[in-house]
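# Observations on the model geometry
Listed below, chain by chain, are the residues.
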Amino acid sequence: MGQSTPIGSNTILIVEDEALLRFDMIEFFEDRGWRVYEAERAEQAIALLDRHQNIRVVLTDVQMPGSMDGLKLAHYVRERFPPTLLFVVSGHAPLSANALPARATFIPKPFDLHHVLRQIERSPVG
Amino acid sequence: MTTGTRSHPGTGPTSLTAGKGWWSRSAALRRTSGAQSVLERIRAVVVAARPSAAVRYGLAAFIIVGIALLRSFLFASFPGFFLFTPAIVVIALVLGGGAGLLANLLATVCVGFVFLDIEPVGTLSPAQWAVTTLFAATNLGLTGLVVALRIALVAADTSQASLSRSVVATVEREAFLTSVLASSTDCIKVLDLDGKLTFMSEGGQRVMEVSDFNAVEGCPWPDFWTSSGHAEAVAALAGAREGRSSDFVGRASTMQGTPKWWHVAVSPIRGADGRPDRILSVSRDITALRESEARAEVNAERVRLALAAGAIIGTWFWDIPSDRFTVDEAFATNFGLDPALGREGIPLAQIVETVHPDDQAKLAAAIAEAIERGGRYAHQYRVRRRDGQYYWLEANGRVDLAPDGRPLSFPGVLLDIEERRAAEENMRLLNGELAHRLKNVLAVVQSVTRQTLRNASDVQTASENLSARLVALGAATDVLTNASWRSADLKELVERALAPHGQLGQRILLDGPSVTLQPQVAVSLVLALHELATNAAKYGALSNDAGTVAVDWRVDGEGPEARFHLTWQERGGPPVQAPTRRGFGSTLIERSLKSYFGGTAVTEFQPEGLVFTLDARMGDAALGNGKKA
């Protein structure tokens, strides 16, 4: 950690309070050569984003403990770090486009990590 | 009449007997003959209606003149006073005092003329004057006596006739009253002041099923009453003795033993001095009435129970032709309406006003449709209740149509469906929550599967490990489902997780207090315990016949800052070796528990056996720590 990677690098922040799911996602991306940051809650995620400006993708669960849920975090990220690729995950019914920040992708639980990875790879760098 | 005579008390029989006696005497008179008959005829002639004055006076003059002529032919030499006297008496008796006086005058004149022919001829001597005057005075006296007799006879006849008329009227009234008493279905009784029966009407004997009045005559009337009726009867008698009328309802059996309900009115019968001297008791058989009242009451009670038991707010009845809308008390109370107005009829506008503005149009359409179609009607809408809040209710009714299709009536009930709607809403939320949890569980299964496959050396191992882990997940799910996914009891959780590994209580020993865990913490702990047990069975204390595992937990302190300790300690297993490769199992045990419990999780490979210790804040592991449920 701490090493500087230019924008466009394969760096992802996974925000998920459910450890079993988080470990799986971390391993999935690490196995594919990604640099992975993990957070259990929004506050940790913001601290990591502030510290590591090179994070290109943020994948966050909506339901999380704490004052800020995943949706609020997504809006915060879009505002503070506009180029970031955003994936919002939830086990609840699909969120409306209005509720999501611009250029964010909603992913219903459970989901296929390979599919998410392909979406990331298709996205224009930046 | 026979019965009436026999059983009628007091004056009745006496007066009837008197009547009979009079008729007997009349009959006797009619049958008598001879002298009495002549006298009777004379009396009849005397009291008979007299002819007119002209006839009476003419007849008197005619008789006197006739006698005078008769005397002059037959007894010319003889003054013949005696001939006139009987005629005057008869005339006065038959034709009246006036005719008697005229006859007397004429007879005196005739006697005077007779004396004119006797010495001294042409005039009357003093002696002749005296005789004539004496004759006139005598006849005058006789006439007076006869007139007095006649007046007495007429008066007697008049009073006898009126007596006869009043007796007839009395008999008729007696017969009328007797027939009224006999035909009344009330049991009319007369009691003496001691309350003993002296009379019972014929109809009363029928309803009381009395075959022989003599059997009950003189019996104390209150004794006919059972239970509370006896006291009421005694009180009513006491009241009647003091001049008060009263009534009561009581139970008494007829003489044949038929139990009946009676309404009894007891009142004093006053004697000539105005004081009660007998008591009248009128009992009416109200058994049928009471039974129908009781049936109606039972039905009403059933309806009340049904209305009170269910979620029924109230009932209404809409008489459509008269447009009269009535509601019961519960309806009126619930909507803050005047119950009296509810019984008489409430303007429909006042009812509609309580309906939620958004629901009024739909309600009007539903009512119009039901009235048009007839038959059942059910509609849900919101209504403002007394507290000013709107509540959901369902109106459930029926429109009755006349044969020609005109709507007649529209009765119905209002059902409180707040709870039902709340339950439906709750169910909807629960379904959503369940779907969410199901997806979470699938996500967990997905990640467990992927990590199992990732770390498996071969497909066979992967399959076995995955199956065992899914069984452990299932055990956690069982515990969570029983607690509706809100919490899980640690002891039950540990038992479920370790049961598939066997020897619970023999080689796996559990000890710890009751602790309630968060659902997610529970799932991870079950998986961790499963991994530990699997590991022990493969390489540790459960891999031989002698080893044991002690699982102990405790809570130090109180509140969220209390510490939760859990220890897994293996003993008596084969020599311990730290594994060369750390797979999913150990990763899960340490990392996930650290994450979920927010504390430390350490696995130590001590010489006597593997020791796993978990140390966490109670607030992070147990309920109420802010972890999402």
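Report follows, based on the coordinates.

Analysis parameters
Residues numbered from 1 in each chain as written. Chains lettered and ligands numbered in written order. Predicted model: local features only at pLDDT ≥ 70, side-chain atom pairs only at ≥ 80, totals over all residues. Helix = DSSP H or I, 4+ residues; strand = E, 2+ residues; numbered from the N terminus. Core = buried A, V, L, I, M, F, W, Y, C linked by C-beta atoms within 7 Å. Buried ≥ 20, exposed ≤ 12 C-beta atoms within 10 Å, placed from the backbone. Contact = placed C-beta atoms within 7 Å. Nonpolar A, V, L, I, M, F, W, Y, C, P; charged D, E, K, R; others polar. Pairing = 2+ DSSP bridges. Axes fitted to C-alpha atoms, helices over the stretch in contact; angles between N-to-C directions. Expected span 1.5 Å × (residues − 1). Arc of directions from axis to C-beta.

### A word on the overall build of chain A
When you go through chain A residue by residue, the secondary structure sums to four helices and five strands. Going from N to C terminus, chain A has its helices and strands arranged as β-α-β-α-β-α-β-β-α.

### Overview of the nonpolar core
Core analysis: the biggest nonpolar cluster contains 80 residues, and A:Leu13, B:Ala476, B:Leu493, B:Ala522, B:Val526 and B:Leu529 have the highest contact counts within it. Considering each element in turn, this core owes the most residues, eleven residues, to helix α19 (residues 519-538) of chain B. Not counting chain neighbours up to four residues away, the residues in contact with B:Ala522 comprise B:Ala476, B:Val479, B:Leu480, B:Ala488, B:Leu493 and B:Leu517. In this structure, B:Ile91, B:Ala107, B:Val111 and B:Phe135 belong to the second largest nonpolar core, which totals 24 residues.

### Remarks on the interface of chain B and chain A
Taken together, the contact pairs 22 residues of chain B with 16 residues of chain A. Broken down by secondary-structure element, the contributors of at least two residues to the side of chain B that touches chain A are α16 (418-455), α19 and α20 (584-597) of chain B. If one sorts the elements of the side of chain B that touches chain A by residue count, α16(B) sits on top with twelve residues. When grouped by side-chain class, the residues that make up the side of chain B that touches chain A number five nonpolar, eleven polar and six charged.

### Considering the sheet that holds strand β2 (residues 197-200) of chain B
Residues and elements named next belong to chain B. Strand order in the open sheet formed by five strands is β2-β1-β5-β4-β3, with antiparallel pairing between adjacent strands. This sheet does not close on itself; its edge strands, each paired only once, are β2 and β3 (246-253). With strand direction ignored, the average angle separating the axes of adjacent strands in the sheet is 30°. Summarising the sheet, strand β1 (residues 187-191) and strand β5 (residues 276-285) pair through five bridges and their orientation is antiparallel. Note that in β5 the partner of Val190 across the bridge is Leu280.

### Side note on the pairing of strand β2 (residues 35-39) of chain A
One ladder, built from five bridges, connects strand β1 (residues 11-15) of chain A with β2(A); its direction is parallel. Bridged to A:Leu13 within β2(A) is A:Tyr37.

### A word on helix α10 (residues 228-241) of chain B
Residue and element names in this part refer to chain B. Compared with an ideal rise of 1.5 Å per residue, which puts 14 residues at 20 Å, α10 spans 20 Å between its outermost C-alpha atoms and is within 8% of the ideal. Where α10 is concerned, the buried positions are Ala233, Ala236, Leu237 and Ala240. Taken down its axis, α10 places every buried residue within 100° of arc, on the same side. On the buried face of α10, the contacting elements are β3, β4 (259-270) and β5. Immediately downstream of α10, the backbone of Gly243 shows phi near 95°, a positive value.

### Digging into the sheet that holds strand β4 (residues 85-90) of chain A
Residues and elements named next belong to chain A. Strands sit in the order β2-β1-β3-β4-β5 across an open sheet of five strands; the sheet is parallel. Only two strands of the sheet have a single partner each, and these edge strands are β2 and β5 (104-108). This sheet shows a mean twist of 20° between the axes of neighbouring strands, independent of strand direction. Pairing analysis gives five bridges linking β4 to β5, with the strands arranged parallel. Paired with Phe87 across the strands is Thr105, a residue of β5. Set on the sheet, helix α2 (residues 42-51) makes contact with β1, β2 and β3 (57-61); between it and β1 the angle comes to about 165°.

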